[in-house]
Amino acid sequence: MSQTWVGEDAMMDGDVVYGGGKTGIPRVMSITSGKGGVGKTNTAVNLAIAFAERGRRVLLMDCDFGLANVDVMFGIRPPQTLEQVVLSNLPLKEAIVETPHGVSLIAAASGIESLAVLSVEQRIRMCAELESVARGYDYLLIDTQAGIGPDVMYFNAVSSEVLVVITPEPTSIADAYALIKVLVGHYGETKVSLVVNNVSGFDEDPERVARRAATRLMNSCERFLRIRVSYLGFIPHDAAVSAAILRNRPLLEIFPTSQSGLSLRRLAKRVDEVSEGPQVRGGLQLFFQDILARQVAL
C-alpha cells in the first residue's frame, strides 16, 4: 500500500500569494508545540530551507529564549543574537546572518531574560524593527518555545498562521489542545494548521496512525473551541533526523532524499501553493501593537 507522507487532500490549492514580493508584508508563520521534544525546531529549520529551495526569500527567527538551538542545527555561530537586541539595543537588522542554505536567520541565545519582562515600549520597538527587516522576505518563520508561556503566546499571536507540531503520543495531543485553547480563547486565533511528526507505524500503516492522532485533536478543537484546524500531513520516524542533528547539519542538506526530507519538501510545497488569505492590514507594526494591547488587558 502506498503511503502519503503529506496528505494529498489536506488543503485546497488556490491562487499563489507571496508576501514580500507583492505587498511588502511577508507570510508570518509561527512553528510551535504544546510540549517539547516533538521536533518543532527541526521542522522549522528544514521547512525554511525547503521554502528557500523553491525560490522564496525566508527569514527564520529563533524565539526560543530558554533553549535556543536553531543556529546549532544550521552548524553556525552568529556573532550577534537576540540577546544583544534585547539587552544592548542592537538594531535587529544587525543580528541577521545568512546561512549557506539561502535562509536568513535571527538567532536567539539560551537563558536570556524572558520577553515578558520587557516594557510595552521595548516590545513595540522590536516589532517596528521586525516589520522593517521582514519586508524584503516572502516568509517570516518564527520558531517559538514549547508550551503556553507568555513568550509562546506573544509570538504565536503576532503570526498570521500558526503551525502546531505534535507527535501521536496522547500527552503531545493534550498539550497541543491546551495551546490552541489559549490562542483561541485569549487571542482570537482562527488559522491553525497541524503536522504530526515522528510517526512510527510498527505493525500499522503510519498514515493511519498520524490521521488518528490528528483527527482526535481536530475533533476536540471543533467541538469545544469552535475552530477548524487544518491537517497538513505527517512526517515519518526517520533515523536520518537524529543523524543530521548529531552532525549539526540540517536534514535537507545531508539527507535530502530521506523519507522525512521528502515529506518536509512536500509540506513546504503544499503551504507555498495555497494562498494565505487576506494580508495583515496597516502593516505588521500596527498588528503587533494590537496584540500588545490585548496582552496588557489580560
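Residues numbered from 1 in each chain as written. Predicted model: local features only at pLDDT ≥ 70, side-chain atom pairs only at ≥ 80, totals over all residues. Heavy atoms only, no water.

Help me understand the overall build of the protein chain, please; the structure alone is not making it clear to me.
When you go through the protein chain residue by residue, the secondary structure sums to twelve helices and eight strands. Each of the 298 residues in the protein chain was classed as buried or not, and the buried ones make up 55%. Looking at the protein chain alone, contacts between residues at least 24 apart form 79% of all its contacts between residues at least 6 apart. Accessible area of the protein chain: about 12800 Å², with a carbon and sulfur share of 52%. (Helix = DSSP H or I, 4+ residues; strand = E, 2+ residues; numbered from the N terminus. Buried < 20%, exposed > 50% of the residue type's maximum accessible area, 1.4 Å probe, protein only. Contact = heavy atoms within 4.5 Å. Areas by Shrake-Rupley, 256 points an atom, 1.4 Å probe, with all protein chains shown as cover.)

Would you explain the nonpolar core in this entry?
For soluble globular proteins, nonpolar side chains are generally found buried alongside one another. Phe51, Leu60, Phe74, Val103 and Leu141 are the most contacted members of the largest nonpolar core, which totals 36 residues. For this core, the element with the highest residue contribution is helix H2 (residues 40-53), accounting for eight residues. Filtering out sequence-adjacent residues up to four positions away, Leu60 remains in contact with Ala44, Val45, Ala48, Val70, Phe74, Val103, Ser104, Leu105, Ile106 and Leu141. Ala157, Ala176, Leu194 and Leu225 belong to the second-largest nonpolar core, a separate cluster that totals 30 residues. (Core = buried A, V, L, I, M, F, W, Y, C linked by side-chain atoms within 4.5 Å.)

Quick question: what am I supposed to make of unusual backbone geometry here?
Backbone phi values are negative for most residues with the exception of glycine, while trans is the configuration of most peptide bonds. With a phi angle near 60°, Asn89 is a residue other than glycine that sits in the positive phi range. Assignment of secondary structure puts Asn89 in the loop between helix H4 (82-88) and strand S3 (96-98). Positive phi outside glycine occurs at Arg226, with the angle close to 60°. The residue Arg226 is located in the loop between helix H8 (206-225) and strand S8 (230-236) in this model. Classification of Arg226 by relative accessible area gives exposed; the value is 68%.

All we've got here are geometric facts, nothing functional implied.
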